[in-house]
Amino acid sequence: QCTPWSAKSCCTANVSKAAHEDQSYLYNFNWNHCGVMSETCRQHFIHDTCFYECSPNLGPWIKWVDQSWRKERIVDVPLCVEDCETWYQDCSEDYTCMENWHKGWDWSTGTNRCPAGKSCRKLTAVFPSAMDFCEKVWSNSYKYTTHKRSSGLCMQIWFEGENPNVAVAKYYADRLNSAQTPRPLSLLALLGPLCVFWAW
């Protein structure tokens, strides 16, 4: 499932292999915490892991964090509507007990289990909409958008052939750079008062 990034990636073959395991060394996370996850749903989470670990195009959304298990994370990566809606639909018959899969688990056995007081419910009961699911399941790593894959304004978790995310990442990186670079008029506004001062 990590083949889309085989030409240029930020992960190794071992990471790619581990992404496909039910409980890999990557996070020691158990997908089957509320019964066996359906294969169609599981495929999306494998794609998600590959995307997170292997994509070289997540730079515009990487933020530094001070956490014991990581020092950086992605925030508000704009997902194409097809990716989010299909993921949600394919997991609609599965069960979970947690709204945020990043925290709150019982790790006393070395793997994630539902904490006391949290019962397994259908995923659609925990996440009433695709937006709810995509934005909350990994604590706002993703941002739900209405942009379609053809728009060039959203990231695809899965694709075949040429990587469409290269152009999307460049677009957002350029926006970030232009926002951080003083515009000529802004610079003149800053220099104007100094010119008046020097004239005196």
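Calculation notes
Residues numbered from 1 in each chain as written. Predicted model: local features only at pLDDT ≥ 70, side-chain atom pairs only at ≥ 80, totals over all residues. Heavy atoms only, no water. Helix = DSSP H or I, 4+ residues; strand = E, 2+ residues; numbered from the N terminus. Contact = heavy atoms within 4.5 Å. Buried < 20%, exposed > 50% of the residue type's maximum accessible area, 1.4 Å probe, protein only. Salt bridge = Lys/Arg side-chain N within 4 Å of Asp/Glu carboxyl O. Disulfide = S-S within 2.5 Å.

In the annotation of an unreviewed UniProt entry, the entry for the chain reads Folate receptor-like domain-containing protein, and the organism field reads Staurois parvus.

With respect to the helices and strands, H47 occurs in helix α2 (residues 39-54). Beyond its immediate stretch of four places on either side in the chain, H47 contacts Q1, W5, I157 and W158.

This next bit is on unusual backbone geometry. One non-glycine residue, D76, lies in the positive phi region at around 60°. One non-glycine residue, S139, lies in positive phi territory at about 45°. With respect to the helices and strands, the residue S139 is situated in the loop between α5 (130-136) and β6 (142-144). Since its relative accessible area comes to 16%, S139 is described here as buried.

For the rest of this paragraph, the subject is the pattern of salt bridges. Within this structure, the stated rule accounts for eight salt bridges. Here D83 and R149 are joined by a salt bridge, their closest N and O atoms 2.7 Å apart. Of the two residues, D83 is situated in helix α3 (residues 81-90) and R149 in the loop between β6 and α6 (165-180); the sequence distance between them amounts to 66 residues. A residue is classified by how much of its surface remains accessible, and D83, at 7% relative accessible area, is buried. For D174, the salt bridge is made with K170, and the minimal N-O distance between the two is 2.9 Å. Taken together, the residues D174 and K170, both in helix α6 and four residues apart, mark about one turn of the helix. Look at the salt bridges and you will find they share partners, linking E99, D132 and K136 into a network.

Our next topic: the state of the cysteines. With the rule as written, the count across this model stands at seven disulfides. The disulfide that involves C84 links it to C134, with 2.0 Å between the sulfurs. One disulfide, between C84 and C134, carries an S-S torsion of 120° and so falls in the right-handed class. Within this pair, whereas C84 is found in helix α3, its partner C134 is found in helix α5, the two being separated by 50 residues in sequence. For the pair C84 and C134, a shared accessibility class is recorded, and that class is buried. Between the sulfur atoms of C97 and its disulfide mate C114 the distance is 2.1 Å.

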